[in-house]
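Residue strings, one per chain:
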Amino acid sequence: MSDRRILFSFAHPDDESFTGAGVTRMCAEAGAELTLVTATRGQAGKRGDPPLCAPEELPATRERELRAAADILGIQRLYLLDYEDKQLADAEPEKIRTELVDLLRRHRPHVVVTFDPNGLTGHPDHKAISRFTSDAIQAAADPRLRTDAAPHQVTRLLWTPSLPPWEFGRQTDLADRPGIDFVIDVGAWREQKRAALTAHRTQHLAVDRHWFGKPDVDRLLSVEAYRQAWGPTLPERPMRKFLVDTPTE
Ligand SMILES: [Zn+2]
C-alpha cells in the first residue's frame, strides 16, 4: 500500500503552491487523500501593486485565493486556522497542539509535509509551524493523550529542503546533494502549478519575482524536491516518485 493519505501543514496561503503544487496535483490525480492545514490567513502580507483590496479585506481575500489554489491542486480538505500572521511563533503551544492532534487523528495521514526547522526562507512563521507540526505528530501517537479519536502514528515526515523551491529546476547537481531525498519531475503538472500560483493574486509580486519573471520559468516550474525528516528507509536517494510503497495500516 502506498502512502495515500497526505497532510500538508503550512503557515500562509501560498506556501502550499510555492513548495509543492506539482506534487500535490500529481498525488490528487493518483487518488491520494489530501488535507491542507494553513495556520494563518496571511493577513500581514502584501496586497499587490496596485493593491487588490483594502487592508481590512486582505484576510478574506487571501482565504478566497487559497481556496481557489486548493481546488486547482485537488486538495479535498482545507483547514484554515485562526493564528496571526507574523506572530505564529507566539501561538499558545497547548492550543495549536490540540488543533493539530485532532486533525492528525481524524485524517490519519501516512505522510506529513511541512517546512524544515529553518523555515525554508528563515521566516519565523515557517519555523514555528515546523516545530508545532513535529510536536503534534508525537502527541498524536501518544495513547496517554486522550481525545475523541484514537492515537495515530504518522509513517513519515517530509520537510522542504534547505534550498528555495524556485531554484530546484536550475540545480544540475540537485540529486547529489545531501538533504535532497525526493526529486520529482512535475513537468506534466506545470500548468496546474502555474494556475495555483496565479490564484494567489495579491502575492503576484513575489510570484512574478521568483517564477513568472524568469526566462526559464518552465524549467523552474517542473522540478520539486523534499527531504525526509524521518520514516522508513527510502529504497533509493533521491526518490524519483513521491508515493512510496511501504507497509502501512
Ligand atoms: Zn509563507
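Preceding this section is the structure that the text describes.
Residues numbered from 1 in each chain as written. Predicted model: local features only at pLDDT ≥ 70, side-chain atom pairs only at ≥ 80, totals over all residues. Heavy atoms only, no water.

Within the secondary structure, E16 sits in helix α1 (residues 15–29). With a relative accessible area of 3%, E16 lands in the buried category. For E16 and L73, which are 57 residues apart along the polypeptide, the C-alpha to C-alpha distance reads 9.5 Å. When neighbours within four sequence positions are excluded, E16 is seen to be in contact with F10, A21, L36, L66, A69, L73 and H200. Of the polar contacts made by the side chain of E16, one reaches the backbone nitrogen of D14; its length is 3.0 Å. (Helix = DSSP H or I, 4+ residues; strand = E, 2+ residues; numbered from the N terminus. Buried < 20%, exposed > 50% of the residue type's maximum accessible area, 1.4 Å probe, protein only. Contact = heavy atoms within 4.5 Å. Polar contact = N/O pair within 3.5 Å; in protein donor to acceptor, adjacent residues only side chain to side chain.)

Take D142: it is sitting in the loop between α5 (124–140) and β5 (156–159). D142 sits in the partly exposed class, given a relative accessible area of 21%. C-alpha of D142 to C-alpha of R156: the two residues are 14 residues apart in sequence and 16 Å apart in space. Aside from chain neighbours lying at most four places away, what touches D142 is R105 and P151.

Looking at where V37 falls in the secondary structure, it is placed in strand β2 (residues 33–40). A C-alpha to C-alpha distance of 13 Å links V37 and R106, two positions 69 residues apart in sequence. Sequence-distant contacts of V37, that is, excluding residues within four places in its chain, are made with L7, F8, S9, F10, Y79, L81, L100 and L103.

Here the focus is the nonpolar core. The biggest cluster of nonpolar side chains holds 58 residues, and the ones touching the most others in it are I6, C27, L88, V113, F182 and F242. Looking at this core, the element that brings in the most residues is α5, giving seven residues. I6 has contacts with C27, A32, E33, L34, T35, P109, V111, V113, F242 and L243, leaving out every residue within four places of it along the chain. Residues L197, V207, V217 and L221 belong to the second largest nonpolar core, which totals eight residues. (Core = buried A, V, L, I, M, F, W, Y, C linked by side-chain atoms within 4.5 Å.)

Turning next to the sheet that holds strand β6 (residues 182–185). Either a parallel or an antiparallel arrangement is found when strands of a sheet pair, and the pairing is made through backbone hydrogen bonds. Spatially, seven strands are ordered β3-β2-β1-β4-β5-β7-β6 in an open sheet, and the strand pairing comes out mixed. Looking at the sheet topology across the chains shown, the edges are occupied by β3 (77–83) and β6. Each strand of the sheet is rotated relative to its neighbour by a mean of 25 degrees, with strand direction disregarded. One ladder, built from five bridges, connects β2 with β3; its direction is parallel. Counterpart to T38 in the pairing with β3 is L80. In the packing of helix α2 (residues 58–73) onto the sheet, contacts are made with β2 and β3, and the angle to β3 comes to roughly 155 degrees. Seen against the sheet, helix α3 (residues 93–107) touches β1 (5–10), β2, β3 and β4 (111–114) and runs at an angle of roughly 170 degrees to β3. (Pairing = 2+ DSSP bridges. Axes fitted to C-alpha atoms, helices over the stretch in contact; angles between N-to-C directions.)

Let us now look at the packing of aromatic side chains. Taken as a whole, this structure holds six aromatic pairs when the rule is applied. Relative to W211, the ring of W166 lies with its centre 6.5 Å away and its plane at 80 degrees, an arrangement referred to as edge-to-face. In this pair, W166 sits in the loop between β5 and β6 while W211 sits in helix α7 (residues 204–212), placing the two residues 45 residues apart along the sequence. Taking the relative accessible area as the measure of exposure, W166 reaches 13% and is therefore buried. Judged by its relative accessible area of 0%, W211 falls in the buried class. Residues Y226 and F242 carry aromatic rings whose centres are separated by 5.3 Å and whose planes lie at 55 degrees to one another, so their mutual orientation is tilted. In this pair, Y226 is assigned in strand β7 (residues 223–230) and F242 in the segment after β7, connecting sequence segments 16 residues apart. Take F242: its relative accessible area is 4%, and that puts it in the buried class. (Phe/Tyr/Trp six-rings, centres within 6.5 Å; stacked < 30°, edge-to-face > 60°.)

Purely geometric numbers; function is a separate question.
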